[in-house]
Amino acid sequence: MRYVQDEKPERTAEVKAWLDEEIATQQVRYETIATEMEGLQDKRNGWIARFLEIIQNKGFNVNGDLRRQITPEEIPERPDRPDADKVVW
Amino acid sequence: MARPHIEPFVELNEDYKNFTLPGFTPLGSHFKVLSLDTDVGSCTLKMRFDGGYSRKPGLSYSDIEIFVLNGAMKVGGELCVEGHYLFVPAGYALDAIEVPQGCEMLVMYNDSEPSFMESDTHHPLCLKEGFVTVNGYEDAPWAPGNLVNPSVAAGCLIKVLRYDVLTEAISFLYCMTPQFMQDNISYHDCAEESYHIWGSSWMMQFGELPTGGYFWRPPYINHGSFRSKLGTIAFGRTDSKLHNYFHFNPWSNPDENKLRAAAQMYRQRPQLYQWALSDGHNHPHGPSDFENPHYHDDPQVKHIHGHHDHPHDHHHHNHDHD
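Calculation rules
Residues numbered from 1 in each chain as written. Chains lettered and ligands numbered in written order. Predicted model: local features only at pLDDT ≥ 70, side-chain atom pairs only at ≥ 80, totals over all residues. Heavy atoms only, no water. Salt bridge = Lys/Arg side-chain N within 4 Å of Asp/Glu carboxyl O. Helix = DSSP H or I, 4+ residues; strand = E, 2+ residues; numbered from the N terminus. Buried < 20%, exposed > 50% of the residue type's maximum accessible area, 1.4 Å probe, protein only. Contact = heavy atoms within 4.5 Å. Buried area = accessible area lost by both parts, 1.4 Å probe. Polar contact = N/O pair within 3.5 Å; in protein donor to acceptor, adjacent residues only side chain to side chain. Nonpolar A, V, L, I, M, F, W, Y, C, P; charged D, E, K, R; others polar. Pairing = 2+ DSSP bridges.

K.L.:
Just to check I follow, could you spell out the pattern of salt bridges for this structure?
P.N.:
Once the charged atoms of two side chains with opposite charge are near each other, the side chains can pair. Tallying each qualifying case throughout the model produces 25 salt bridges over all chains. One salt bridge in this structure joins B:E113 and A:R11, with 3.0 Å as the shortest N-O distance. You can see B:E113 sitting in the loop between β11 (103-109) and β12 (117-118) and its partner A:R11 sitting in the segment before α1 (13-38), one on each of two chains. When its relative accessible area of 4% is taken as the criterion, B:E113 is described as buried. For A:R11, a relative accessible area of 9% gives the class buried.

Structural data, given as structure tokens:
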């Protein structure tokens, strides 16, 4: 079955140039965001500690407002690997 | 690659550029790219049209979604004001556009880079019955977030604006009430996109996302826990079925999350899992479906599986079907 999308004309040089420029801009933006997010790590460590505390007391949202208290034995440990703190992929 | 992970991006800090792509009316139209697929050119733009802007009737070779953020745009005889949502199927000859006093909107090209061809008749292959026009603020009801199960916590509500029956991709408005909180970490099998129309929300990985905040998040990436101190309203989309996988490991990566999702499938849909894995059943274009015999050719289905045959310079896939 054919769709309109299958009949799209070839890209012109102008369109290719527009795409190249926007792709390059996006790449810079991606790298800027990744760096900014790395810069939040000290704060994020605090947020994670607070989260792990909340789920052991108030509980973890299993489904909707249904909560379950997580036991200390269930709390995960931070893995020793380079991407452990990565949030932008 | 498809669209990279853009999160968080606050577009209000960026300048508009003139929209000069061939075929479009450049005078009075401006854009910012929020995210862009580097292979096929599909993209989400924030656009501004100045007062007095007009465009003749015409069509695109891509499905388009439009959400009016502010101001008003006249499409033929219909006045589209803030909150208005349009889904314009590829090949649909949209009526002439006039912008009386300026407007801003999100414009999403789902299949390829922006394209426009002047025409007052639909393309012969156009699936014109897919056209949607609705004011999301006035004509769509808020529904509880348990539309999806497992569900978000109470206080996160949703208005569905469009639902794709083949892929279950949805476009929607959502809101978080003031003091919304949800203490879990979430990920999905689908890509997820959001633009904060007003208000702010917080996620443990990314911090505060304010008004004008945006993300395009590929599948299996952790986000949450969640807070919204003063509430927020946002436009969101997924590219396929939204399933909430909740957990409490802040350090899991997308590969581990995907394995966990597959393990759930192994446990919960054992026969399907075994069948899909068995010899000869793992064709990349998917099995046959007597109810939807041509689904392999559907542009959205092809897109989410990375199958595309658009001419471009980055890399090329063009698989033959059996």
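That covers the picture; the talk isn't over yet.
K.L.:
Help me out: how do you make sense of the interface of chain A and chain B in this one?
P.N.:
Note: interface size is frequently given as the accessible area lost on complex formation between the parts. In this assembly, 58 residues from chain A lie in contact with 73 residues from chain B. Across the chain A/chain B interface, buried area totals approximately 5,600 Å², and carbon plus sulfur atoms make up 63% of it. Our count for the chain A to chain B interface comes out at eight salt bridges. For A:D6, the salt bridge goes to B:K302, with nearest N and O atoms at 3.5 Å. At the junction of chain A with chain B, the criterion picks out 22 residue pairs in polar contact (both at pLDDT 80 or more). When residues of the side of chain A that touches chain B are traced back to their parent elements, those giving at least two are α1, α2 (41-57), β1 (60-63) and β2 (66-68) of chain A. The dominant element in the side of chain A that touches chain B, judged by the number of residues it contributes, is α1(A), at 15 residues. Per-class residue counts for the side of chain A that touches chain B are 27 nonpolar, eight polar and 23 charged.

K.L.:
How do you make sense of the pairing of strand β19 (residues 192-199) of chain B when you look at a structure like this?
P.N.:
Side-chain positions along a regular strand alternate between the two faces of the sheet. Residues and elements named next belong to chain B. Judged by how many residues are buried, β19 sits mostly within the fold: seven of eight residues are covered. Across four bridges, β19 lies against strand β22 (residues 213-217) in antiparallel orientation. By the bridge assignment for β22, E193 is matched with W216. By the bridge criterion, seven bridges tie β19 to strand β24 (residues 232-238) in an arrangement that is antiparallel. Counterpart to Y195 in the pairing with β24 is F235.

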